[in-house]
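Chain by chain, the residues:
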Amino acid sequence: MTATPVTVSATAALALGDDALVLSHRLGEWAGHAPVLEEEVALANIALDLLGQARVLLSMAGDEDELAYLREERAFTNLQLVEQPNGDFAHTIARQLYFSTYQHLLYGRLAASESEFAPLAGKAVKEVAYHRDHAEQWTLRLGDGTDVSHERMRRACEALWRFTGEMFQPVAGLDVDRAALERDWLDSVSDVLRRATLAPPEGPWTGAWSAGAGRQGLHTEPFGRMLAEMQHLHRSHPGATW
Amino acid sequence: MATAAAHRTAGAPAYGAPHADPDGDARQRAFDAAVAADERVEPRDWMPDAYRATLVRQIAQHAHSEIIGMQPEANWITRAPSLRRKAILMAKVQDEAGHGLYLYSAAETLGVSRDELLDKLHSGRQKYSSIFNYPTLTWADVGAIGWLVDGAAITNQVPLCRCSYGPYARAMVRVCKEESFHQRQGYELLLALSRGTSEQHAMAQDAVDRWWWPSLMMFGPPDDASQHSAQSMAWKIKRHSNDELRQRFVDICVPQAESLGLTLPDPDLKWNEEHGRHDFGAIDWTEFWDVLKGNGPCNEQRLTQRRRAHDEGAWVREAAAAHAAKHAAKHTGKHTGPTGVEQA
Amino acid sequence: MTDTDWPLWEVFVRSRRGLSHTHAGSLHAPDAELALRNARDLYTRRGEGVSIWVVPSAAITASSPDEKDPFFEPAADKPYRHPTFYEIPEGVKHL
């Protein structure tokens, strides 16, 4: 690891960059497995947008490849939500709904701010608006589709709910009104879920372990295996260029 | 499949099945004349049944190859060794899904549904290119596929842009335009490896050793053993023979391999001054037919994954269809027509 | 097979402002909203468009190749509809 001095903004760039990098990786795992060909193209578009954002953000904090491939699990500060395995399509869509709504609201605020993230956020917010729309469209169809899809979507929304509170923990260097962000997020997600004939989950959304955990480098078990796969080739050839 | 058939009938005004044919000979003559004059045949034109069947078979096989072909490369998306390479690979695999869609869409103009074609793929009644039954064992295979497999595909596909059937030709124009980056990224990837560490160089050479011969087989059996070639050439579905295209490909690859600093695994490969082309060694057609029959290293794996994705996606497709049916009434009249104010 | 049954849609893309929408191809989608989004993802991945129409394939009425002659030939022998039909003395401008 290069000894990049960890400034406040590097912390924030890493947090946002890791979110985008990890979610992009998870979406990339869908390639060749999507429920319909049109969705292969859609999921890959979202993954590519996120990877593009990740590369800009990581480059603000250091060398993108060193940061992606040579950090240990505990040094990643992404939300636990984005590292959750794809599960079935309903889980992927629920994860997309929760995250893209958050990302869209956050980037909209950053784009309008004086923050050094404003230029990136200004470009990314358009991409993310589409991700959010994609997630909402599918939430409506799965929630209000068949009995089977309703049940799967309900379960997915419940299962991932406990990872959502973390999004509203403070991140050093990100100067946004967290309370307002949380309120807008909750309103928006609840509205989509209701329109999808689903009730917003009622369980705790900040479990004792999960509260702020990803941002502090505490992750869930599947994340280690994800990183092992992602980093193995790069790490097997120290110093090589690709 | 009753629903697919019903849908086809509903779509008849646009594409339609051939009309009753009171004057077959005249129509045959008109068709032959159009093909001879290098005019394009369009979906609703009368065409011989065998021409239609040949196109369906070929376009479907081509579409299947695109979507099965996603698998060997997608195998490396999660392990791509740099973020730049990862983005390129994801975009490329995505393009292959897109190309599959363009091609299914072209096939559907002939009166078959995508469901029907996928069903035939899943049940093994229609084929895809045998090349995708070989495994991608190392990262260098991603480069070898780009350089050799896409290179061979492009050599095959460029003439298809002038194919006599309009929708197929138009799909191929789009595919070829988009694929131009596929081959270049593969070449660049191999070049980086070849000029990299000795381990990387060895990885690149090993990949080329494994992919060279299967790539040559992609042009199909030799002309004297190719059962469909002559008729397809007469119909201008095909513009050059298998052996012609294979020779063209070899001649293109030899100097490219030299620039890469890699060796093509054929001791008989040498320039023939007299004929102005390269001579090359004998292809192992036993292997070709064996892989085609289903005995390649990955035939079972590729089809199993494809079937699983399709089966596991069934509830999603059903949900969306059910949602659309429930909400059909609500949507009616909601949208402004094309000449009015446009939707986003 | 009880699955899909997603209808076919024709996609028209305006490549830039000032040009008409042109037919790009087709795709499957359960409804108009997803058809539009699928079209965006499939047919404008490389920035090929600024506006998209999607139309159910079943809603298109096409002229038949059998009617080609009565439909289109009569228009071919009306040369007086074209400016080149008229002879204007040399030197006359702005016509």
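Heads up: these notes are all about the structure in this document. Sequence positions are assigned chain by chain, starting from 1 and proceeding in written order. Throughout, the order in which chains and ligands are written sets their labels, letters from A for the former and numbers from 1 for the latter. Local features in this predicted model are restricted to residues of pLDDT 70 or higher, and side-chain atom pairs are both shown and tallied only at a pLDDT of 80 or more, whereas totals for entire chains, interfaces and linings draw on every residue. With hydrogens and water stripped out, all remaining heavy atoms of the structure feed into the side-chain values.

### A few points about the overall build of chain C
Formally: Put simply, DSSP H or I for four residues or longer makes a helix, DSSP E for two residues or longer makes a strand, and each gets a number counted from the N terminus. Values of the radius of gyration come from C-alpha atoms, whereas the globule rule sets the reference at 2.2 Å times the count of residues to the power 0.38. Here the term buried applies to any residue with accessible area under 20% of the maximum for its type, exposed to any over 50%, and partly exposed to those in between, with areas from a 1.4 Å probe on protein chains only. Each accessible area is a Shrake-Rupley result for a 1.4 Å probe, and residues are judged covered by the shown protein chains and nothing else. When charges are counted, Lys and Arg contribute as positive and Asp and Glu as negative, whereas His and the chain ends are disregarded. Charge placement uses NZ in Lys and CZ in Arg. For Asp and Glu, CG and CD serve respectively.
Along its length, chain C carries two helices and three strands. Walking chain C from its N terminus toward its C terminus, one meets helices and strands in the order β-β-α-β-α. The C-alpha radius of gyration computed for chain C amounts to 21 Å, which surpasses the reference 12 Å derived for 95 residues by more than 25%, pointing to a less compact arrangement than a globule. Taking the principal axes of its C-alpha atoms as reference, chain C extends roughly 70 × 35 × 15 Å. Here chain C holds 95 residues, and the buried ones make up 38% of them. Total accessible area computed for chain C in this model is approximately 6,100 Å², and 55% of it derives from carbon and sulfur atoms. Considering chain C, the positive charge centre built from 11 side chains and the negative charge centre built from 14 side chains are found 12 Å apart.

### Here we look at the overall build of chain A
Test applied: In what follows, a contact means two residues having at least one pair of non-hydrogen atoms within 4.5 Å.
The helix and strand tally for chain A stands at nine helices and zero strands. Secondary structure elements of chain A occur, N-terminal to C-terminal, as α-α-α-α-α-α-α-α-α. In terms of overall size, chain A behaves like a compact globule, its C-alpha atoms giving a radius of gyration of 17 Å where 242 residues would be expected to give roughly 18 Å. Along the longest, intermediate and shortest principal axes, the C-alpha atoms of chain A span 55 × 40 × 35 Å. Considering only intrachain contacts with a sequence separation of at least 6, the fraction spanning at least 24 residues in chain A is 80%. Approximately 9,000 Å² of chain A is accessible, and the part contributed by carbon and sulfur atoms is 54%. A distance of 2 Å separates the average location of the 21 positive side-chain charges in chain A from that of its 34 negative side-chain charges.

### Regarding the interface of chain A and chain B
A common way to state how big an interface is: give the accessible area lost once the parts meet. Counted only if it meets this: Simply put, the buried area is the total loss of 1.4 Å probe accessible area from both parts when two parts are fitted together. By definition here, a salt bridge exists when the distance from a side-chain nitrogen of Lys or Arg to a carboxyl oxygen of Asp or Glu is within 4 Å. Three classes are used: nonpolar for Ala, Val, Leu, Ile, Met, Phe, Trp, Tyr, Cys and Pro, charged for Asp, Glu, Lys and Arg, and polar for all others, with Gly counted as polar.
Tallying the contact residues gives 48 residues for chain A and 44 residues for chain B. Carbon and sulfur atoms supply 67% of the area buried between chain A and chain B, which totals about 3,900 Å² over both sides. Here Asp 144 of chain A ties to Lys 326 of chain B by a salt bridge, and the two come within 2.9 Å at their closest N and O atoms. Elements with a minimum of two residues in the side of chain A that touches chain B: helix H1 (8-28), helix H2 (37-61), helix H3 (64-69), helix H5 (89-111), helix H6 (118-143), helix H7 (147-161) and helix H9 (221-236) of chain A. Sorting elements by how many residues they give to the side of chain A that touches chain B places H2 of chain A first, with eleven residues. When grouped by side-chain class, the residues that make up the side of chain A that touches chain B number 24 nonpolar, 13 polar and eleven charged.

### Overview of the state of the cysteines
Residue and element names in this part refer to chain B. Quick note on the threshold: Only a pair of cysteine sulfur atoms within 2.5 Å qualifies as a disulfide here.
The tally for this structure, following the rule as stated, stands at zero disulfides over all chains. Residue Cys 163 stays outside any disulfide, its sulfur separated by 9.6 Å from that of Cys 161, the closest cysteine. Of the cysteine sulfurs around Cys 176, a residue in no disulfide, the closest is that of Cys 161, at 3.6 Å.

### Here we look at the sheet that holds strand E1 (residues 8-14) of chain C
Paired through backbone hydrogen bonds, the strands of a sheet run either parallel or antiparallel to each other. Residues and elements named next belong to chain C. So the rule is basically this: The rule for pairing is simple: two strands pair if DSSP sees at least two bridges between them. Angular values range over 0 to 180 degrees, each being the angle between N-to-C directions of two axes fitted as lines to C-alpha atoms, with helices fitted over their stretch in contact.
A sheet is described by the order of its strands in space; here three strands give the open sequence E2-E1-E3, paired in antiparallel fashion. Of all strands in the sheet, those bounded by a partner on one side alone are strand E2 (21-28) and strand E3 (51-56). Across the sheet, the mean angle from the axis of one strand to that of its neighbour is 25°, orientation sign disregarded. Pairing geometry for E1 and E2, over seven bridges, is antiparallel. Bridging from a neighbouring strand, Leu 8 pairs with His 28 of E2.

### Here we look at H7 of chain A
Residue and element names in this part refer to chain A. This is how the line gets drawn: Expected helix span is given by 1.5 Å per residue-to-residue step, counting one fewer step than there are residues. Directions pointing from the helix axis toward each C-beta atom define the arc.
Taking 1.5 Å as the rise per residue, H7 with 15 residues should run 21 Å; its terminal C-alpha atoms sit 21 Å apart, in good agreement. Looking at H7, one finds that the buried residues are Ser 149, Met 153, Ala 156, Cys 157, Leu 160 and Trp 161. End-on, the buried residues of H7 take up no more than an arc of 130°, which puts them together on one face. Every exposed residue of H7 that faces more than 90 degrees away from the buried side is listed here: Asp 147 and Arg 155.

### Some details on the environment of Phe 249 of chain B
All names here are of chain B. Note that Phe 249 resides in helix H11 (residues 242-260). Separated by 165 residues in the primary sequence, Phe 249 and Arg 84 have C-alpha atoms spaced 29 Å apart. Ignoring anything within four residues of it in the chain, the contact list for Phe 249 reads Leu 148, Gly 151, Ala 152, Thr 155, Trp 212, Ser 215, Leu 216 and Phe 219.

### Overview of the pattern of salt bridges
For the structure shown, the criterion picks out 36 salt bridges over all chains. Put simply, Lys 123 of chain A and Glu 127 of chain A hold a salt bridge, and the shortest N to O gap is 3.1 Å. Of the two residues, Lys 123 of chain A and Glu 127 of chain A are both situated in helix H6; the distance of four residues between them amounts to about one turn of the helix. Note on Lys 123 of chain A: relative accessible area 55%, which makes it exposed. Two residues, Asp 141 of chain B and Arg 210 of chain B, come together in a salt bridge whose shortest N-O distance is 2.8 Å.

### Thoughts on helix H5 (residues 83-108) of chain B
A rise of 1.5 Å per residue sets the reference length of H5 of chain B, with its 26 residues, at 38 Å; its end C-alpha atoms lie 38 Å apart and thus fit the reference within 8%. With 25 of 26 residues buried, H5 of chain B lies mostly within the body of the structure.

### Considering the packing of aromatic side chains
We count it as follows: We call Phe, Tyr and Trp rings a pair once their centres come within 6.5 Å, taking the six-membered ring for Trp, and we label the pair stacked below 30 degrees between planes, edge-to-face above 60, and tilted otherwise. Look at NZ for Lys and CZ for Arg. If either is within 6 Å of the ring centre and within 35 degrees of the ring normal, a charge sits over the ring.
This model, assessed by the stated rule, comprises 24 aromatic pairs over all chains. Connected via pairs of aromatic rings, a cluster forms that spans Tyr 98, Phe 99, Tyr 102, Trp 161, Phe 168 and Trp 185 of chain A. Just above the ring of Trp 76 of chain B sits the side chain of Arg 79 of chain B; from NZ or CZ to the centre is 3.6 Å. Between Arg 40 of chain C and the ring centre of Tyr 130 of chain A, over which it is positioned, the NZ or CZ distance is 3.4 Å.

### Some points on the packing of helix H7 (residues 140-157) of chain B against H11 of chain B
Helices that pack against each other are described as a pair by the angle of their axes relative to one another and the distance between those axes. Residue and element names in this part refer to chain B. Using the following cut-off: In this scheme the crossing of two helices becomes right-handed for a clockwise turn of the near helix relative to the far one and left-handed for an anticlockwise turn of less than a right angle.
With their axes 10 Å apart at the nearest point, H7 and H11 run at an angle of 145° to one another. Our pair here, H7 against H11, has a crossing hand that is right-handed. Touching Trp 147, Leu 148, Gly 151, Ala 152, Thr 155 and Asn 156 of H7 are Leu 245, Arg 248, Phe 249, Cys 253, Gln 256, Ala 257 and Leu 260, all from H11. Considered class by class, the residues forming the contact of H7 with H11 number eight nonpolar, four polar and one charged.

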